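# Fold and contact review
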There are 2 protein chains.
Amino acid sequence: MSSSTSISSQKRLEVILKSYDRIAILTDENVKAQCWHHFDILSPLSTLVLPIGESTKSVKYAEEVWFFLQSKELTRKSLLISVGGGVITDLGGFCASTYMRGIDFLHIPTTTLGMVDAAHGGKTGINANWGKNMIGTFQMPVDVLIFPEVLNSLSNRHFLSGVVEAFKTAVMFNKDLLDFLIAHPSVLQLREKTGWIFEAARTKQRVVKDDFRENNLRKFLNFGHTFGHAFEHFVGNDRFLQHGEAVAYGMLAEMQIAEYKGFFYDFWKNWVDENMPILPINKSHVDEIMYRIIRDKKNSNSLCTFVTPRAIGAGGVELKFTPKQTQNFLETFLPQTTPHEKP
Amino acid sequence: MSSSTSISSQKRLEVILKSYDRIAILTDENVKAQCWHHFDILSPLSTLVLPIGESTKSVKYAEEVWFFLQSKELTRKSLLISVGGGVITDLGGFCASTYMRGIDFLHIPTTTLGMVDAAHGGKTGINANWGKNMIGTFQMPVDVLIFPEVLNSLSNRHFLSGVVEAFKTAVMFNKDLLDFLIAHPSVLQLREKTGWIFEAARTKQRVVKDDFRENNLRKFLNFGHTFGHAFEHFVGNDRFLQHGEAVAYGMLAEMQIAEYKGFFYDFWKNWVDENMPILPINKSHVDEIMYRIIRDKKNSNSLCTFVTPRAIGAGGVELKFTPKQTQNFLETFLPQTTPHEKP
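A short tour of the structure in this document, coming up. All chains use their own residue numbering, which begins from 1 and follows the written sequence. The lettering of chains begins at A and the numbering of ligands begins at 1, in the order of writing. Selection of residues for local features in this predicted model requires a pLDDT of at least 70, selection of side-chain atom pairs for listing and counting requires 80 or more, and totals for whole chains, interfaces and linings are taken over all residues. With hydrogens and water stripped out, all remaining heavy atoms of the structure feed into the side-chain values.

## Topic: the overall build of chain A
Threshold: Under the DSSP-based scheme used, a helix requires at least four consecutive residues in state H or I and a strand at least two consecutive residues in state E, with every element numbered from the N terminus. For this measure, only C-alpha atoms enter the radius of gyration; the expected value for a globule follows 2.2 Å times N^0.38, where N is the number of residues. Exposed residues in this analysis have more than 50% of their type's maximum accessible area, buried residues have under 20%, and partly exposed residues fall in between, with area computed by a 1.4 Å probe over protein chains only.
Counting its secondary structure elements, chain A contains 14 helices and 9 strands. Relative to a compact globule of 343 residues, whose C-alpha radius of gyration would be 20 Å, chain A shows 20 Å and is just as compact. Taking the principal axes of its C-alpha atoms as reference, chain A extends roughly 55 × 40 × 40 Å. Counting over 343 residues, chain A shows a buried share of 59%.

Encoded structure:
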């Protein structure tokens, strides 16, 4: 499916390392412990290791990163390399794009999700206690380097969380990729054949390049993300619901509210049943979910915005519903009870 | 000198107010008390009033502004209007450019400094406790509206602080403006004839537009600012040294270290003597000043960067000195003692 390999990533990294006056690395404790042997070339560089988890994507840790950059005397001609999952690349991108009004940054994602989606978008951000990703910038990394071998230490659950975003990109913009993913339904097959990761990354990059500020085509990559973000932020703990898992349910919900009946709906309902944990949200949580949806960045004029597929690979449709319509839908979408309570 | 007036600003404001789904205002206690009667049109809008002073330009108040924006339910189609001096426009620009990854913002500067310089640059920022303006973005306001009548309540000292930046822009890029400023040496004359404010603003805007990211001509608007920022940040209290005053001494220092001998040097030495308070810094502070200069955003490769004029109105020259050279210069530039100690 693709001729890209981690060898080409390695070569690009070597060139980049020679192009800056100073370079610093941002990573987290897990990546440092489990993946660092893949990155001998980075070992001599100043490295800040942060705790794992979504709570690291905060103003508090942004201040720690900014201070680290200045304590290592990074200038406007320096580079920050973020090695990690979405938390680290989002935080690193935000801090680099605001340190001295912006220095270059490079992403080396260590999760499937980062490789196929999160690291490419030029969306940086941190969370406020009143909303996910509410503070951030649009700024592109100088490059995103993919080393599929680092995924070996990732659990199947984390791996699948990224596959969800590859499905999302494929259904909107790449029919061949969707056919490939459908033809390889087992996580073991997807772990073996890594070409689809590069292909999903390239598709995402192409859409972002053509529509950086999300005025047009890029909006369709938000498929599943209005409900998804609300689910994820409400649960607030990725032991119970990861980003990709929340988006998987969000895609299902957005197809249902749009009454989308294509073959992908049936496929997806099945795929979610087989591959995703049960959604730990029920009808009693509707008000809290609505609170988050109403404050979603994509909304305006008090309408809730959702995306649903059109023809496969040919983009999507953006639909708007009133809060009342959205609430009524959620009452039918969410079950009466959940198998385990939200912690 | 100019046909622009506050009437044209008023008309532009009326159009802008109709172009957004929601609008919020950021201002400070002084402006609210002294200038609000000039802005009846803004009174019905949601307004956050912050304390005066440089310490408001912090992460803490940025969090307060972000929270205010979401509590007023601003969306990506909303506008933040900052009405105030550099603290308010820098903070407002930073928060707007990072709220939901960037919403539109408009500046209504209430100081001479803001009108001629600070509000136009697209430089937003907050201070870290380890450096001024070290966190920020490059993002242009949708417009900068000038109402010279609000300067009536500004002290002469604050007024002159802005005149310094007009001189700086003029000596680099506008010989006619420099001739005008030299021909009107009294603050009363400059308060009466407000056309030069619009002219200085237009000159600054033109330079910024041609070189937004400061790769070329715009660098010369940093004239006086490497030393100036270090002086200002070291003193750390604008009762003792305001931004424009620090820049006035910075311009003097940067001409001296560059051994610039043009007529403007003699004029400026005189102007500073007559119009600026005595610099509250002496030789015993050299190490602390150097600490700040070495960390200046404009530096790279461990050299200190300064700007000095070339031919009047024809841009400047950027010069680099080693820290040792810079330190030796400061030993000669700063006096043995200061008339009053730094608080």
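## Here we look at the relation of the copies chain A and chain B
Rules: We place the copies in one frame by least squares, fitting the C-alpha atoms of every residue whose pLDDT is at least 70 in both. Residue contacts are defined here by distance: any two heavy atoms, one from each residue, within 4.5 Å place the two residues in contact.
Of the transformation placing chain A onto chain B, the axial shift is 0.0 Å and the rotation is 180°, giving an RMSD of 0.0 Å. Such a combination of rotation and displacement between the chain copies is what one expects of a two-fold axis. Closest approach to the rotation axis among the C-alpha atoms of chain A is made by valine 59 of chain A, whose C-alpha sits 4.0 Å away. A symmetric contact is evident, with 100% of the interface residues of chain A recurring at the interface of chain B.

## Focus: the sheet that holds strand S2 (residues 46-50) of chain A
Two pairing modes exist for strands in a sheet, parallel and antiparallel, and in both the strands are linked by backbone hydrogen bonds. Residues and elements named next belong to chain A. To keep things clear, this is the line we draw: Being paired, for any two strands, means DSSP has found at least two bridges between them. Whenever a helix is involved, its axis is fitted only over the stretch in contact; in every case the axis is a line through C-alpha atoms, and angles between N-to-C directions fall within 0 to 180 degrees.
Reading across from one edge, S2-S1-S3-S4-S7 is the order of the 5 strands in this open sheet, with parallel pairing throughout. Whereas interior strands pair on both sides, the edge strands pair on one side only; in this sheet they are S2 and strand S7 (143-144). This element, helix H4 (residues 86-98), spans strand S1 (23-28), S2, strand S3 (79-84) and strand S4 (104-109) of the sheet and lies at about 165° to S3.

## Looking at the interface of chain A and chain B
How we decide: Accessible area that two parts lose when put together, with a 1.4 Å probe and added across both, is what the buried area reports. The working definition used for a salt bridge is a side-chain nitrogen of Lys or Arg within 4 Å of a carboxyl oxygen of Asp or Glu.
Contacts between the two partners involve 37 residues from chain A and, on the opposite side, 37 residues from chain B. For the pair chain A and chain B, the summed buried surface comes to about 3,300 Å²; carbon and sulfur atoms form 55% of the total. When residues of chain A are sorted by the area they lose upon contact with chain B, Arg101, Trp130 and Lys297 of chain A head the list and together hold 24% of the total. Arginine 295 of chain A is the partner of glutamate 73 of chain B in a salt bridge, and the nearest nitrogen-oxygen pair spans 3.4 Å. Among the secondary structure elements, those contributing two or more residues to the side of chain A that touches chain B are helix H3 (59-71), H4 and strand S6 (131-135) of chain A. Of the residues forming the side of chain A that touches chain B, the biggest block, 5 residues, is contributed by H3 of chain A.

## Looking at helix H13 (residues 286-294) of chain A
All names here are of chain A. Test applied: Each C-beta atom gives one direction from the helix axis, and the arc is the one those directions make.
Among the residues of H13, Val286, Ile289, Met290 and Ile293 are the ones counted as buried. For H13, the buried positions fall inside an angular range of 100° around the axis, keeping them on one side. Residues of H13 that are buried make contact with helix H10 (225-235), strand S8 (304-309) and helix H14 (323-333).

## Comments concerning the pattern of salt bridges
All names here are of chain A. Following the criterion strictly, the structure yields 30 salt bridges over all chains and no others. Residue lysine 168 is joined to glutamate 165 by a salt bridge in which the shortest nitrogen-to-oxygen separation is 2.8 Å. One end of the pair is lysine 168 and the other is glutamate 165, both in helix H6 (residues 156-173) and 3 residues apart, which spans about a single turn. In this structure, lysine 168 and glutamate 165 share a single accessibility class: buried. In this structure, arginine 292 and glutamate 288 form a salt bridge, with 3.8 Å as the shortest nitrogen-oxygen distance. You can see arginine 292 and its partner glutamate 288 sitting in helix H13, 4 residues apart, about one turn around the helix. Among the residues examined, glutamate 288 registers a relative accessible area of 40% and is labelled partly exposed.

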